2 protein chains.
Amino acid sequence: MFYIGVDIGGTNISAGAVSKDGELFFKKSVKTGKERNYNEILQDIIGIIGEVRQEAEALKLGNAESIGLGCPGSCNKSTGVVEFAGNLNWHHVPLASDVQKATELPAFLENDARAAAYGEFISGAAKGLNSAVVITLGTGVGAGIIIDKKIFRGENFGGGEIGHTVISMDGPPCTCGRHGCFEVFSSATGLIRMTKGFMDRNPDSAMHKIAAEMGKISARTAFLAAKQGDSAGQSVVDFYIKALACGITNVINTLQPDCLCIGGGVCGEGDYLLNPLKEFVSKEVFTKNSAKNTEILICKLGNDAGIIGAALVGESI
Amino acid sequence: MFYIGVDIGGTNISAGAVSKDGELFFKKSVKTGKERNYNEILQDIIGIIGEVRQEAEALKLGNAESIGLGCPGSCNKSTGVVEFAGNLNWHHVPLASDVQKATELPAFLENDARAAAYGEFISGAAKGLNSAVVITLGTGVGAGIIIDKKIFRGENFGGGEIGHTVISMDGPPCTCGRHGCFEVFSSATGLIRMTKGFMDRNPDSAMHKIAAEMGKISARTAFLAAKQGDSAGQSVVDFYIKALACGITNVINTLQPDCLCIGGGVCGEGDYLLNPLKEFVSKEVFTKNSAKNTEILICKLGNDAGIIGAALVGESI
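Residues numbered from 1 in each chain as written. Chains lettered and ligands numbered in written order. Predicted model: local features only at pLDDT ≥ 70, side-chain atom pairs only at ≥ 80, totals over all residues. Heavy atoms only, no water.

Draft legend 1. A look at the confidence of the model for chain A. Chain-level statistics for chain A give a pLDDT mean of 96 and a share of 100% at 70 or above. In the predicted complex, the global pTM is 0.95; the interface-specific ipTM is 0.95. (pLDDT = per-residue confidence, 0-100.)

Spelled out as structure tokens, the structure:
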């Protein structure tokens, strides 16, 4: 017996076979080709599900129980309809029922950030706990909330948009229309924007040489410079961590989950990011004098979290 | 059959008899005398509970089922211990068990903001819904969260401190140690601070005359001036509403409850506050294109919410 998880991204569609406990047996991947229309992409989703079933048969994993589809945008789990996914240009597409018809398996739909959070909760950094918030620092700031071991969605599947909570009124504009959102400062995109700003104002910074060697300004540029003792690079890192700590403390003060997991490329900085971040948060959090506080952890499953979480969405309440 | 609710405030202790459906039959009140020690205040709490039982007997309300105690600060519902209530200078006091021993009735403890939110949910503005966030704009910004008809507490009873989420990094200092918290801008205290600031910079503003007539600068000063066409007063009102909308939108983007209720004295401004606030939020909220969105409402129960909610805490899950 196994569960099929599909993680539909703007670049790749990944799918795999997952055990009831959240072990990923194997995964497959295909380019999304997001410029194509829904029906063409749907055929590739159905195709990759077929490949997963074939390989699972070869591995004698038993029967497929159900399919979970993690998709960006507004996903209505009740109807299985992707109401809006800007990145894929999908408007009201009945993804779950289309997949169900083609595969003759029960198919469930979930927002990709929620699915990834559920994956980390089932078998990753938040395994065995009661509640968790998982924040992914990527192009944007994605978030998924688990409360009492269940995926929290808010009414109308609109909750969890933590990336679009303002931490700096009148700050730089966000893609959502607000100004100064958490995402504006704490996404990789935001980090790169701030790095560019500091580079412009500091022509002697080591960041220029590092960027030239790497051929681009990336989310690593400022961290690499800071580690070399570059003061402008350090200023970028300090500000980045301060803003990230601010957003994270807001989440903890609101939800106080057992743990708050951060994921995404910038977490590759490891303790260099995590230690000052934890120090900041521990000073700021409202319950700083409590015996027990929210633990800040780095996600364990990387991109597999989305497949694992999606696979088991049908099993969640 | 009835339930006894006690709302322990810094100024008054109020208690009443409440029906299972959240109807308040009557209430009584006594001064808190918060400068006194815990045992003295405890005797008054037990005393007012006795008075409620006597009057309930006279009214033939039947038996008292249980007592709910709404208390400011960190309240551990599991142990019934008030871990810390700064306003009352209580540290680790076993309030629920002390009340239970003295009254021989089951006694439950809850944080006062959560109790008040539960009251609005049971029989006030949020009655009949699935989820709600209740925000009280008073000396501070208190909040209570109801999810799936249950009081949300976070792990270790530390969730719901929405007043201490930062909306303006590096903003004015907050009592919690952070800077630029929602509470700094949206509490009555914050409104008065901003009013004073604008008055200092605008010696010709009508706010000076209004404050002189009222004998003080209050949360109403700027609103009264704005209604007279005073531009500095209008600037205070505009900024106050903008910051309030920012904090409220953050809550909606995170939790998307069925409704968000605001309470506290400033809500006496009615539509003059509510209409521009709703307009701001509707433009800012992430789900602005959804068919259904969080409704913003004004609380209905006033100070009774705390008694009603506390009374029924034992009945909540």
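Draft legend 2. The pairing of strand E3 (residues 24-31) of chain A, seen in detail. All names here are of chain A. Bridge count between strand E2 (residues 12-18) and E3: 7 bridges; the pairing is antiparallel. Each residue of the ladder has a partner; that of alanine 15, found in E3, is lysine 28. The antiparallel hairpin formed by E2 and E3 contains 5 residues in its connecting segment, where glycine 22 sits at a positive phi of about 90°. (Pairing = 2+ DSSP bridges. Helix = DSSP H or I, 4+ residues; strand = E, 2+ residues; numbered from the N terminus.)

Draft legend 3. Structural detail: unusual backbone geometry. The phi torsion at lysine 149 of chain A lies on the positive side, around 65°, for a residue other than glycine. Mapped onto the elements, lysine 149 of chain A comes out in the loop between strand E10 (141-147) and strand E11 (150-152). In this structure, histidine 92 of chain B takes a positive phi of about 50° despite not being glycine. In this fold, histidine 92 of chain B is placed in strand E7 (residues 90-93). Under the relative-accessibility criterion, histidine 92 of chain B is labelled exposed at 58%. (Buried < 20%, exposed > 50% of the residue type's maximum accessible area, 1.4 Å probe, protein only.)

Draft legend 4. The packing of aromatic side chains, seen in detail. Using the criterion set out here, one finds 10 aromatic pairs over all chains in the structure. Here tyrosine 38 of chain A and tryptophan 90 of chain A contribute two aromatic rings whose centre-to-centre distance is 5.1 Å and whose plane-to-plane angle is 85°, an arrangement assigned as edge-to-face. Placement of the pair is tyrosine 38 of chain A in helix H1 (residues 38-58) and tryptophan 90 of chain A in strand E7 (residues 90-93), with a sequence separation of 52 residues. You'll find tyrosine 38 of chain A and tryptophan 90 of chain A in the same group, each marked buried. An angle of 70° between the planes, with centres 5.9 Å apart, marks the rings of phenylalanine 185 of chain B and phenylalanine 239 of chain B as edge-to-face. Here phenylalanine 185 of chain B is found in helix H4 (residues 182-186), whereas its partner phenylalanine 239 of chain B is found in helix H8 (residues 231-255), with 54 residues between them in sequence. The partly exposed category is assigned to phenylalanine 239 of chain B, whose relative accessible area is 25%. Here arginine 201 of chain A stacks its cationic end above the ring of phenylalanine 198 of chain A, 4.9 Å away from the centre of that ring. (Phe/Tyr/Trp six-rings, centres within 6.5 Å; stacked < 30°, edge-to-face > 60°. Lys NZ or Arg CZ within 6 Å of the ring centre and 35° of its normal.)

Draft legend 5. Up close: the sheet that holds E3 of chain A. All names here are of chain A. With respect to topology, 5 strands assemble into an open sheet ordered E3-E2-E1-E4-E8, the strand pairing being mixed. The open sheet has two free edges, formed respectively by E3 and strand E8 (107-111), since each of these has just one partner strand. Going across the sheet, the axis of each strand differs from the next one's by a mean of 20°, ignoring polarity. In terms of strand pairing, strand E1 (residues 2-8) meets strand E4 (residues 64-71) through 5 bridges, oriented parallel. Opposite glycine 5, over in E4, you have glycine 68 as the bridge partner. (Axes fitted to C-alpha atoms, helices over the stretch in contact; angles between N-to-C directions.)

Draft legend 6. Molecular detail of the relation of the copies chain A and chain B. At an RMSD of 0.0 Å, chain A and chain B line up after a rotation of 180° and a shift of 0.0 Å along the axis. Seen this way, the second copy is the image of the first under a two-fold rotation axis. In this assembly, 100% of the residues forming the interface of chain A have copies in chain B that are likewise at the interface, indicating an isologous arrangement. (Least-squares fit on C-alpha atoms with pLDDT ≥ 70 in both. Contact = heavy atoms within 4.5 Å.)

Draft legend 7. Seen up close, the nonpolar core. Counting residues in hydrophobic clusters, the biggest one holds 105 residues, and the most contacted among them are Ile135, Tyr240 and Ile248 of chain A together with Ile135, Tyr240 and Ile248 of chain B. Ignoring any residue separated from it by four or fewer positions in sequence, one finds tyrosine 240 of chain A in contact with Leu137, Phe185, Ser186, Ser187, Leu191, Met194, Phe223, Val266 and Leu273 of chain A. (Core = buried A, V, L, I, M, F, W, Y, C linked by side-chain atoms within 4.5 Å.)

Draft legend 8. Here's a closer look at the packing of helix H5 (residues 188-201) of chain B against helix H6 (residues 206-214) of chain B. Residue and element names in this part refer to chain B. It is the contact of H5 with H6, at a shortest axis distance of 9 Å, that shows an interaxial angle of 125°. Between H5 and H6, the angle falls in the class oblique. Handedness of the H5/H6 crossing: left-handed. Between H5 and H6, the contacting residues are Thr195, Phe198 and Met199 on the first element and Met207, His208 and Ala211 on the second. (Parallel < 35°, antiparallel > 145°, perpendicular 65-115°, else oblique. Left-handed = near helix turned anticlockwise from the far one by under 90°.)

Draft legend 9. Expanded view of the interface of chain A and chain B. Contact residues are listed per partner, giving 43 residues for chain A and 44 residues for chain B. Contact with chain B buries area across many residues of chain A, yet Glu155, Met169 and Arg178 of chain A alone supply 21% of it, more than any other trio. Linking chain A with chain B are 4 salt bridges, by the criterion used here. The salt bridge partner of aspartate 170 of chain A is lysine 242 of chain B, with a shortest N-O separation of 2.6 Å. Seen at the junction of chain A and chain B, the total is 32 residue pairs in polar contact (both at pLDDT 80 or more). Listing elements by their share of the side of chain A that touches chain B, those giving two or more residues are E10, E11 and helix H8 (231-255) of chain A. It is H8 of chain A that contributes the most residues to the side of chain A that touches chain B, 10 residues altogether. (Buried area = accessible area lost by both parts, 1.4 Å probe. Salt bridge = Lys/Arg side-chain N within 4 Å of Asp/Glu carboxyl O. Polar contact = N/O pair within 3.5 Å; in protein donor to acceptor, adjacent residues only side chain to side chain.)

Draft legend 10. Just the pattern of salt bridges, in detail. Residues and elements named next belong to chain A. Tallied over the full model, the rule gives 24 salt bridges over all chains. Glutamate 110 is the partner of arginine 153 in a salt bridge, and the nearest nitrogen-oxygen pair spans 2.7 Å. Remark: glutamate 110 occurs in strand E8 and arginine 153 occurs in the loop between E11 and helix H4 (182-186); sequence separation between them is 43 residues. By relative accessible area, arginine 153 is classed as buried at 11%.

Draft legend 11. Highlighting the environment of threonine 189 of chain A. Residues and elements named next belong to chain A. Counting through the fold element by element, threonine 189 comes out in helix H5 (residues 188-201). Taking C-alpha positions, threonine 189 is 8.7 Å from serine 218, a pair spaced 29 residues apart along the chain. When neighbours within four sequence positions are excluded, threonine 189 is seen to be in contact with Gly138 and Thr139. At a separation of 2.6 Å, a polar atom in the side chain of threonine 189 contacts the main-chain carbonyl oxygen of threonine 139.

Draft legend 12. Structural detail: helix H2 (residues 95-103) of chain B. All names here are of chain B. Those residues of H2 not exposed but buried are Leu95, Ala96, Asp98, Val99 and Thr103. Summarising the axial view, the buried residues of H2 lie within an arc of 165°, below the 170-degree limit, and thus occupy one face. Residues of H2 that are buried make contact with strand E1 (2-8), helix H1 (38-58), strand E4 (64-71), strand E6 (81-85), E7 and strand E8 (107-111). (Arc of directions from axis to C-beta.)

Draft legend 13. Region of the structure containing the sheet that holds E7 of chain B. Residues and elements named next belong to chain B. Strand order in the open sheet formed by 3 strands is E5-E6-E7, and the pairing between neighbours is antiparallel. Of all the strands in the sheet, the pair left with one neighbour each is strand E5 (74-76) and E7. Adjacent strand axes in the sheet meet at a mean angle of 10° when their direction is disregarded. Looking at chain direction, E5 and E6 are connected through 3 bridges and run antiparallel. Within the sheet, the bridge partner assigned to asparagine 76 lies in E6 and is valine 81.

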